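# Structural overview for review
Spelled out from the first residue to the last, the chains are:
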Amino acid sequence: MGSVEAGLAAVREAVASAARAAGREPGSVRLIAVSKTYAAAAVRPALTAGQRDFGENRVQEAQAKWPTLKAAFADARLHLIGPLQSNKASDAVALFDAIHTLDRDKLAAVLARECAAQRRTPELFVQVNIGAEAQKAGIAPGEAVDFVRRCQTAHGLAIAGLMCIPPVEDEPTPHFAALGRLAAAAGVGRLSMGMSGDFAAAIATGATDVRVGSAIFGARPGGAGINHASG
Ligand SMILES: *Cc1c(COP(=O)(O)O)cnc(C)c1O
């Protein structure tokens, strides 16, 4: 078994055992393999091993990498987990099956227009800046419930759930729990939270979508940043 297959197998097992420890069905947690910065050749063994959900944080990188992979694995599903500029929304709607980073009205309006024009319905998550960090993307926690409602009513978008990235220096569990309370208040079901270092804690707190990169694919060249500046 190559290192990607081994990493994937280990993460799958850890996801399943975290789910069982929390009294949850392992199948209730969707593993998104975050393939940003890794070349198509590194991603292919994960596809061969049956992994189907993948996360990318840049539209252009995904456009360059995925058409050939999708030609061989047509049922692969792509998740955009990085910030989305309005001028890339059309490309994002065309390529991605889920967008985890909806965080402002202007983007909601453009996504609604593009979804209608392209007759596509990517699964949408509202990103919440759960630690209220100045440099991080996401809607403020205090505005999240109203924003979800505006997405649904003013923009006519179906919202699947909420997404967050806790501050790196904090204990993540209180932030995961806070996101869960916001989702309950907003009446949305999915929680996209948890990465390589904290996915077990996220699953214990109710994550339905964990986004795991380096634990599967290995250390990322250059330690590419997480969801900060626009991409
Ligand atoms: C890179 C990234 C991940 C995966 O991070 P790892 O620590 O490699 O698992 C998850 N979520 C977002 C938003 C990211 O940008």
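Please refer to the structure higher up on the page.
Residues numbered from 1 in each chain as written. Predicted model: local features only at pLDDT ≥ 70, side-chain atom pairs only at ≥ 80, totals over all residues. Heavy atoms only, no water.

## Quick look at the pairing of strand β4 (residues 98-102)
Of all the five residues making up β4, five are buried; the element is thus mostly covered by neighbouring parts of the structure. After leaving strand β3 (residues 77-80), the chain enters helix α4 (residues 89-95) and then returns to the sheet as β4, a path that is right-handed. Summarising the sheet, β4 and strand β5 (residues 123-128) pair through three bridges and their orientation is parallel. In the strand pairing of β5, alanine 98 is matched with glutamate 123. The handedness of the β4 to β5 crossover, carried by helix α5 (residues 105-118), is right-handed. (Buried < 20%, exposed > 50% of the residue type's maximum accessible area, 1.4 Å probe, protein only. Helix = DSSP H or I, 4+ residues; strand = E, 2+ residues; numbered from the N terminus. Right-handed = clockwise from strand over helix to strand, strands pointing away. Pairing = 2+ DSSP bridges.)

## What to know about unusual backbone geometry
For arginine 119, which is not glycine, the phi dihedral falls at a positive 50°. Position of arginine 119 relative to the elements: it lies in the loop between α5 and β5. Since its relative accessible area comes to 77%, arginine 119 is described here as exposed. Phi is positive for alanine 132, close to 50°, though the residue is something other than glycine. Here alanine 132 is to be found in the loop between β5 and α6 (141-153). We classify alanine 132 as exposed; its relative accessible area is 60%.

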